[in-house]
Amino acid sequence: MQELYYKSASELAELLAGGELSSVELTQALIDRTKSVDEQVGAFNSFDEADALAQASASDERRASGDVLGPLDGIPVGLKDNLAVYGQPLTCSSKMLERFVSPYDATCIQKLKSTGAVLFGRLNLDEFAMGSSTENSAFGPTSNPWNLECVPGGSSGGSAAAVAAGEAVFALGSDTGGSIRQPASYCGVVGLKPTYGRVSRYGLAAFASSLDQIGPLARNVKDAASLLQAISGHDAFDSTSYKAEVPDFVASLESLKGRQWTLGLPKEYFAGVADSPALEPVRQAIEFYRGLGCEIKEVSLPHTEYAVATYYIVATAEASSNLARYDGIRYTHRAESFDAKDSVDIYCQSRAEGFGEEVKRRVILGTYVLSSGYYDAYYLKAQKVRTLIRQDFERVFREVDALLTPVAPEPAFRKGEKEDPLSMYLSDVFTISANLAGIPGLSLPCGYSGGLPVGLQILGKPFKEDEILAIGQEFETAHPFKDQHPKL
Amino acid sequence: MAEDSQFDIEYTAKLARINLSEEEKAKFSSQLNSIIGYVEKLGELDTSEVEPTAHPHPVENVWREDVASDSLPVDEALKNAPAQRNNMFVVPKVVD
Amino acid sequence: MEYEAVIGLEVHVQIKTESKIFSPVKAGYGHEPNALVDPVVLSLPGALPVMNKAALDGIMKAGLAFGCAIPDTCKWDRKNYFYPDSPSNYQITQYDQPICQGGEVEIELPGESRNVMGEHKAIKLTRIHLENDVGKLNHFAEDSLVDYNRAHTCLMEIVSEPDMRSGEEAFAFLTAIRQTMVYCGISDCDMEKGQMRADANISVRPVGQKEFGAKIELKNLNSITGVKNGIEYEIKRQTRELKKGNTIIQATWRWDADQGRTEPMREKEDAHDYRYFPDPDLMPVRVDDVWRERIRSEIPELPWDKQRRFMEEYALPYTITSVLVPDRGLSDWFEAAAKQAPDLAQALGNYVANDLLRELSEADQQLGECEMTPNSLLTLAKAVAKGVITKQIAKDVFIEMFKSGETADQVIERKGLKPDFDESQVRIWCQEALDENPRVVADVRSGNAKAINALLGPVMKKSRGKASPQVVGALLRELIDAGE
């Protein structure tokens, strides 16, 4: 029989509803699992056991009195450590915020609380979500549960690894350039980056405001859909959140099943990697859809080769400004010694001590591209190329319903393998365009290569998460990789 | 390109308010020069007729009505402060 | 060589709103430190700004009042700089697309004397834009303490063209801005509370030269008088330097009001590399004609227009209008009475500008608190005009009315101030006065018409002040003429 900690949220909801399981038992099982494996995996920055059990107990009381708040009531959700939860640490895996305790809730957290879900743990990430390996954490790297020598991907590496290792039923991550989809792919779980504006960013420590989105990581498509359901919707506290109808994502998995989708293969995405043995599972997944009777069309996104450059200008520029608030004055790390006669040294020294190397590098790059004399050549130029990239997608989405692509050029790499930042940045090539264009993207386990999971990316039209989830579930139903787990 | 890039690590790090060691300066200079060299490929594109994108799905006039809501309690506002006195944040003497 | 100054002002005005510009927390002054903050104001991780619509309405009102163009769109930019009073270390402002463009402020320069209207002049504006205010630093011997209550208050920045030539013009410019803001209900512009602040750009050049000289940005001008004094000092200093053959180097200086002099401020090498870029957390603003017209319809008659109209329509002297008009409530109060009896407007103007203000000040009351109404003041003016009571008695009646809220007729009745005699009695008193003062009578008869005034007093005394001086004067003349 399947271990409790590997059951899906929908199965657990039935057990809770049938009275066969209490939320306290479930939460305790996850705490035990975490205690037994997290030494190896390192997915958690911290967890508040007493708080989680108190939430679980409150859920059980609601159930006993017939006041269940919904299908997520009593089910634990893991949280990336860049989401604000009242009274809980919010470290962003940075020394800068090592002792910060949030005095407020993110909108997605308030929404989750209103569903009765048990908020459990603070999951590791690349510092301030800057990275693709979760190696850039001030509190140490997270390991890939499938191979502890490998990275789990990033920046939501803690979220992906926790879900894969049975330490979380599902979890929230954030995706600025692939930070949900790439670790989901590396860890063999489902990850969804929603359309920009679908989920409120209020309470998500910003990396790049015009690219960031919060989204779910889960062990199957349906769980991802139900977690997305819980956090979606317009929010008056986020001016960039969108007033779009939120469909019933779980119900539409059924209603959209069996559609004859027209699916595009962007030739630029396959040009260099078409023959890569690592991506054989992706090619097989495409054949699966062809076999289902979907029309598979080659399409072109001609500005793809400019996406990485565009992304690293836009993202670092916004980050350089967003991270200016971490200055040693109000709530962050303050250097113990600094030159008090130099009015800026308290900043310079606190930030030198509080930020890790990758954050410093990106903040300096972002500062440079905005600085006097360079704005037009870099930032403005990148914003214009961003328009071209967005228009590429608008054009192909007039022909196809969704796009099928790899998530990453290769499966999880070994820790310490990528030392050169540019080569690390270039590995984001398949995921960052979706952030630049603001479209949704799903990462779905589609097989293995060298014992490591490989993901298929399904990119959809804006606000059509329901479609890419339904397309993904067709594959998942036929290929139950969700039932395979790493050996720990 | 990388060789003739104008990247001034001293000035930029100071502008970003980050002290760097000599070692970091050397390392970042070379890494950032190669990144800047890479992003200069955008120059290949003619964007003279292209409008910039600031938001992926722009809408206009997103605002709220002028109704005041509660503040954070003062103790919550100051609880993470590295130094505080009289319910205020202590900073080194600012000479302006 | 003769030199002239060229002055441009940057004026910050807080817009009076319930809540802050990008946070829903209450906006206010005089609260406990850090009592008006939330995640947005403190710039906590994850906090996001949302525009306050009232701030946009407020600045549009100011812009339309000054004749600015309100373009169809404007947007938000971040101005990046580190300073402890700025919680995010960037200010949300409008860099290249401000909400108000152009426009002008009508100013009045001092006249030859207080009774004479001075020259009016239009000072051109470059733009007005909206931004968030910053917190307040309190300096101590060893350190500084930061209070973020003021942070994120709605702030507009009015940027003038370099159109002014003296400290006096700058003074008049600020006075005119303040009056318009207060009139429109946009801001109270209390400089002590930081609701209005000004920086000046000052340069000096030889008269006749077209190019501007190197400019000094002068900060810390904390009062309207400070603006005038600081600018005048700086003009003299720069002129002196130029005359000595020295050059002025563009820099930021501050006005030290205590010492009465300007001094250079320390500047960082990167001080002006603000790295402006569009704020990705905020959406652009689109303005249409419906919105523009709604705001336009909320703008009251502006002070200078009202002053010109009062002088024309009610024939009020300049001095009275310059007391009434700067106070919108007071001038409206006056007009509520005056429009019912335009022929009595001058008397009403006098009562309001002199008696009413004096009594309010003595009672330490605001206009809104006082018992007297425009209609009751009108009863007093009418009573005097009809000769029911004398102007002299009216002064006392006014005080009674102010205290009790009664009409003039009620006070006159209650106090028995109405004459309790008829004209034949006055004629008797006049005859008595003639008989008692034969020398005065002789004097008048010998051609000194003015001498008759010496007879008024005795008659008024006999009537206990109640006789109408006009009637008494006429009767005395008649009796003197008749006796000739």
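Residues numbered from 1 in each chain as written. Chains lettered and ligands numbered in written order. Predicted model: local features only at pLDDT ≥ 70, side-chain atom pairs only at ≥ 80, totals over all residues. Heavy atoms only, no water.

## A word on the packing of helix H9 (residues 345-363) of chain C against helix H11 (residues 391-404) of chain C
Residues and elements named next belong to chain C.
- Where H9 meets H11, the axes come as close as 11 Å, and the angle between the chain directions of the two elements is 45°. Considered as vectors, H9 and H11 are oriented oblique to each other. Relative to H11, H9 is oriented so that their crossing is right-handed. Taking contact as the criterion, the partners of Tyr-351, Asp-355, Leu-356, Arg-358, Glu-359, Leu-360 and Ala-363 in H9 are, on H11, Ala-394, Lys-395, Phe-398, Ile-399 and Phe-402. (Axes fitted to C-alpha atoms, helices over the stretch in contact; angles between N-to-C directions. Helix = DSSP H or I, 4+ residues; strand = E, 2+ residues; numbered from the N terminus. Parallel < 35°, antiparallel > 145°, perpendicular 65-115°, else oblique. Left-handed = near helix turned anticlockwise from the far one by under 90°. Contact = heavy atoms within 4.5 Å.)

## Describing the environment of C:Gly135
Residue and element names in this part refer to chain C.
- Mapping Gly-135 onto the fold places it in the loop between strand E8 (120-132) and strand E9 (136-139).
- With 342 residues separating them in the primary sequence, Gly-135 and Arg-477 have C-alpha atoms 75 Å apart.
- Once residues lying within four places of it in the same chain are set aside, the contact partners of Gly-135 are Asp-85, Asp-147, Tyr-148, Arg-150 and Ala-151.

## A closer look at the sheet that holds strand E10 (residues 143-147) of chain C
- If you walk across this open sheet you meet the 4 strands as E2(B)-E3(B)-E10(C)-E9(C), and the pairing is antiparallel. Lying at the two open borders of the sheet, with one neighbouring strand each, are strand E2 (84-85) of chain B together with E9 of chain C.
- Pairing analysis gives 2 bridges linking E2(B) to strand E3 (residues 88-92) of chain B, with the strands arranged antiparallel. Along E3(B), the bridge assignment pairs B:Gln84 with B:Phe89. (Pairing = 2+ DSSP bridges.)

## Points about the pattern of salt bridges
- Going through the model one piece at a time under the given rule, you end up with 68 salt bridges over all chains.
- Salt-bridge contacts for A:Glu357 lead to B:Lys27; the nearest nitrogen and oxygen are separated by 2.8 Å. Of the two residues, A:Glu357 sits in helix H13 (residues 357-370) while B:Lys27 sits in helix H2 (residues 22-39), which places them in two different chains.
- Residue A:Glu357 is classed as partly exposed on the basis of its relative accessible area, which comes to 35%.
- For B:Lys27, a relative accessible area of 38% gives the class partly exposed.
- Residue A:Glu410 pairs with A:Lys418 through a salt bridge whose shortest N-O separation is 2.8 Å.
- Bridged by salt links that share partners, the residues A:Arg201, A:Asp238, C:Arg78, C:Asp279 and C:Asp281 form one connected network. (Salt bridge = Lys/Arg side-chain N within 4 Å of Asp/Glu carboxyl O. Buried < 20%, exposed > 50% of the residue type's maximum accessible area, 1.4 Å probe, protein only.)

## With respect to the domain arrangement of chain A
Residue and element names in this part refer to chain A.
- Along its sequence, chain A is organised into domain 1 (4-261 + 402-483) and domain 2 (305-383).
- The straight-line distance from the C-alpha centre of domain 1 to that of domain 2 is 27 Å.
- Counting residues at the interface gives 27 residues for domain 1, matched by 25 residues for domain 2.
- Counting the surface domain 1 buries against domain 2, the share from its top three residues, Met-96, Met-130 and Tyr-425, is 31%.
- At the surface where domain 1 touches domain 2, the tally comes to 11 residue pairs in polar contact (both at pLDDT 80 or more).
- When residues of the side of domain 1 that touches domain 2 are traced back to their parent elements, those giving at least two are helix H15 (421-426) and helix H16 (432-437).
- When grouped by side-chain class, the residues that make up the side of domain 1 that touches domain 2 number 16 nonpolar, 8 polar and 3 charged. (Domains from an automatic or database assignment. Buried area = accessible area lost by both parts, 1.4 Å probe. Polar contact = N/O pair within 3.5 Å; in protein donor to acceptor, adjacent residues only side chain to side chain. Nonpolar A, V, L, I, M, F, W, Y, C, P; charged D, E, K, R; others polar.)

## Overview of the domain arrangement of chain C
All names here are of chain C.
- Each domain of chain C was delimited in the assignment, giving domain 1 (3-294), domain 2 (301-415) and domain 3 (423-483).
- In this complex, domain 1 contributes 15 residues to the contact, which on the side of domain 2 involves 15 residues.
- Here domain 1 meets domain 2 over a buried area of about 1,300 Å², counting both sides, of which 61% is carbon and sulfur.
- For domain 1, the biggest contributors to the area lost against domain 2 are Met-117, Gln-179 and Tyr-183; these three give 53% of the whole.
- If you look at where domain 1 meets domain 2, you find 1 salt bridge.
- Across the domain 1-domain 2 interface, the total number found is 6 residue pairs in polar contact (both at pLDDT 80 or more).
- Sorting the residues of the side of domain 1 that touches domain 2 by element identifies strand E7 (104-108) and helix H3 (167-184) as the ones contributing at least two each.

## Some points on helix H16 (residues 469-483) of chain C
- Taking 1.5 Å of rise per residue, the 15 residues of H16(C) would be expected to cover 21 Å, and the 21 Å separating its terminal C-alpha atoms lies within 8% of that figure.
- Elements that come into contact with the buried residues of H16(C) comprise helix H13 (423-436), helix H14 (438-445) and helix H15 (453-462) of chain C. (Expected span 1.5 Å × (residues − 1).)

## Considerations on the interface of chain C and chain A
- Facing the 34 residues of chain C at the interface are 42 residues of chain A.
- The largest contributions to the chain C side of the interface with chain A come from C:Pro45, C:Leu48 and C:Phe82, which together make up 21% of the buried area.
- When the shortest N-O distance is used, the salt bridge between A:Arg201 and C:Asp281 registers 3.0 Å.
- Classifying every residue of the side of chain C that touches chain A gives 22 nonpolar, 6 polar and 6 charged.

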